[in-house]
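Structural overview for review
One-letter residues, chain by chain:
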Amino acid sequence: MDIQVKNLDHLGIVAGIIDQIGLVEEIDRQIEQHPQQIISTGQVVKAMILNGLGFVSAPLYLFSEFFVGKATEHLLGEGIEPEHLNDDRIGRALDSLWNQGLTPLFTSIAMLAHQRFNLLTKSLHLDSSSFSLEGSYEIESSDESSESIESVKITYGYSKDHRPDLKQFMMDVICTGDGDVPLFLRIGDGNESDRGVFAQLMRQFKQKWNLDSIYVADSALYSAENIQQLGKLNWITLVPRSIKTAKILAESMEDEVFVESEILGYRIASCCCDYAGVHQRWLIIESEKRLKSDLKQLEKRLTKQLKIATSELKSLMKQDFACAADARKAADKLSCKWKYHSLESVEIETHAHYNTPGRPTKNQSPEHFTYRVTAQVIPIKSVIEIAQRQAGRFILATNVLDEKILSNDEVLTEYKGQQSSERGFRFLKDPLFFTSSVFLNTPRRVAALAMVMGLCLLVYTLGQRQLRQALATSQETIPNQVKKATSTPTLRWVFQCFQAVHLINLNHQLQVSNLTDTRLKILQFFGKPCQQYYLIC
């Protein structure tokens, strides 16, 4: 009797989603296969995605040992063995992805996903993040003269990871509001500025996709130059407080102007604005949760500054000055230094000094005089009141003026959806994505691997969206981590549910073991390509 047992676990779900997209076929259509290749570039990328989503903690160990003991041939294709997925083959596949063009290739795959999964694109969310790396990563000579948008320099820049000591690259992603699915990915230089590229990326995306969507971004988008460049594109963004008009508006808006939002915990006031010559609608938002947090932080700042101001005044009062004017000037300078406090009851005391010790005689003249400051620290009530009015407030801007098309509540809802891209970056931030340096010895391979990471996110979000939609449509639930029914499970939890599922080859007949009732129920909410890997179709 011939028996072989291989681990399948949740990898059949991942492979099925990849097949639904048509990812392997699209990559192999664009990247020509060498006649001597056993495994195509598309199959290598599929293996890398399986690897990246292979563990619940999602480390991307890219080496052949990952597939030892797993149903490699069943998942990747007939004749493919773990030894075919060596560092050299993976490195060459990354080079092929780079040469083809990372952003265009990712976009073409995302377009297939958009069509086959019927993604809604009412709103699209643009954001960026930095990815820090160990190592020197010198600029390649071929990169220095490259004019391609795909050129990437791993260098020092503003670190969103709070690691200014490390070199980095930037990743720009545009995600759907429907399921957080990435439709656009670009790898940029480590010292790139969001403000310098966001408007350009939106226009580039619009030219390629031609979707009638609302583009949502953070305050990096909002500058006079950028909103003028956007033209007729519909957008929503956060207005930075550095803009004087926004600062004044947040400070001066009276409470009675605000209207309760349909979204619990928010109040909204709106007005028109023509900043940079672009007619737009500004929404001053007051968040109850943010208000409590801001007031608490303000109280901490006031306490801290009072302690500092008291200490600095104490030091000043010990100083001797040569004249009263100098003493007064020092007091004024110190008072102007503080934001929320000032000096009150400032007096200049005169101290006479004699050239002999002891009590001076009745007619003895002082040798010289020194002057000291006496005062007390008081809070500046007007400044504190302004800070209290600002607390909990932020301003959103949109060029969609008609509230019948996009209401104030919808503007706020769409901006809150900006967390979609942020969730994606958190998913990709696992440092183990860059475990091996064998095939990551050039910036272009790092950039290509970052694109594969984006494909991992694409597959993950599509799978999670498909499962949740199917559960909602059928009004069904599955048990979560604490055995409670949920209709919005995370795909990571589903992956955990499929641990210890095996593919058994018994006398050349395949069967899958450990398919419990719960696992079979979950599989019915995925497409047939996923079910086929578990032999239940």
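Above this note sits the structure.
This report concerns the structure included in the present document. (Residues numbered from 1 in each chain as written. Predicted model: local features only at pLDDT ≥ 70, side-chain atom pairs only at ≥ 80, totals over all residues. Heavy atoms only, no water.)

This paragraph deals with the sheet that holds strand E15 (residues 502–506). Pairing within the open sheet is antiparallel, and its 3 strands lie in the order E1-E15-E16. Because the sheet does not close on itself, it has two edges, and the strands there are strand E1 (3–7) and strand E16 (509–513). Strand after strand, the sheet turns through a mean of 25° between neighbouring axes, direction not considered. Note: E15 against E16, 5 bridges, orientation antiparallel. Across the sheet, Leu 503 pairs through a bridge with Val 512, a residue of E16. (Pairing = 2+ DSSP bridges. Helix = DSSP H or I, 4+ residues; strand = E, 2+ residues; numbered from the N terminus. Axes fitted to C-alpha atoms, helices over the stretch in contact; angles between N-to-C directions.)

Here the focus is the nonpolar core. Among the nonpolar cores identified, the biggest contains 127 residues, and Ile 21, Ile 49 and Leu 97 are the most heavily contacted of them. Tallying contributions element by element places helix H16 (residues 443–474) first for this core, with 17 residues. Those residues in contact with Ile 49 that lie beyond four places of it in its chain are Val 14, Ile 18, Leu 23, Val 452, Leu 455, Cys 456 and Val 459. Core analysis: the next-biggest nonpolar cluster, separate from the first, contains 15 residues, Ile 214, Ile 236, Phe 394 and Val 400 among them. (Core = buried A, V, L, I, M, F, W, Y, C linked by side-chain atoms within 4.5 Å. Buried < 20%, exposed > 50% of the residue type's maximum accessible area, 1.4 Å probe, protein only. Contact = heavy atoms within 4.5 Å.)

Applying the stated criterion across every chain yields a total of 19 salt bridges. Residues Lys 160 and Asp 194 are paired through a salt bridge, measuring 2.7 Å at the closest nitrogen-oxygen approach. You can see Lys 160 sitting in the loop between helix H7 (141–144) and strand E3 (167–176) and its partner Asp 194 sitting in helix H8 (residues 194–209), a full 34 residues away along the chain. Shared partners join several salt bridges into a network, and the residues in it are Asp 255, Arg 267, Glu 286 and Arg 393. (Salt bridge = Lys/Arg side-chain N within 4 Å of Asp/Glu carboxyl O.)

Okay, the layout of surface pockets next. Considering only enclosed or pocket space, the largest pocket measures out at about 700 Å³ in volume. Looking at the lining of the largest pocket, the elements with two or more residues in it are helix H10 (244–252), helix H11 (288–316), helix H13 (381–390), strand E12 (393–398), helix H14 (408–416) and helix H15 (419–428). No other element matches the 5 residues that H11 contributes to the lining of the largest pocket. The residue makeup of the lining of the largest pocket, split by class, is 15 nonpolar, 5 polar and 11 charged. (1 Å grid on protein atoms, 1.4 Å probe; cavity = no way out; pocket = protein on both sides within 12 Å on 5 of 7 lines; lining within 4 Å. Points joined across faces, edges and corners; volume = space filled by probe spheres on them. Nonpolar A, V, L, I, M, F, W, Y, C, P; charged D, E, K, R; others polar.)

End to end, helix H12 (residues 324–337) covers 20 Å across 14 residues, agreeing with the expected 20 Å (1.5 Å per residue, within 8%). Where H12 is concerned, the buried positions are Ala 327, Ala 330, Ala 331, Leu 334 and Ser 335. One side of H12 holds all its buried residues, which, seen down the axis, span an arc of 130°. Exposed side chains of H12 directed beyond 90 degrees from the buried face belong to Ala 325, Lys 329, Lys 333 and Cys 336. (Expected span 1.5 Å × (residues − 1). Arc of directions from axis to C-beta.)

In space, the 9 strands of this open sheet follow the order E4-E3-E2-E5-E6-E12-E9-E8-E7, with mixed pairing throughout. Sheet topology places strand E4 (182–188) and strand E7 (259–260) at the edges, where each strand pairs with a single neighbour. H8 rests against strand E2 (123–133), E3, E4 and strand E5 (214–217) of the sheet, and its axis sits at about 130° to E2.

Moving on: the packing of helix H1 (residues 11–21) against helix H3 (residues 41–52). As a packed pair, H1 and H3 sit with axes 10 Å apart at the nearest point and diverge in direction by 140°. Judged by the angle between their axes, H1 and H3 are oblique. Handedness of the crossing formed by H1 with H3: right-handed. Contact residues: Leu 11, Val 14, Ala 15, Ile 18 and Asp 19 in H1; Lys 46, Ile 49 and Leu 50 in H3. Partitioning the contact of H1 with H3 into residue classes produces 6 nonpolar, no polar and 2 charged. (Parallel < 35°, antiparallel > 145°, perpendicular 65-115°, else oblique. Left-handed = near helix turned anticlockwise from the far one by under 90°.)

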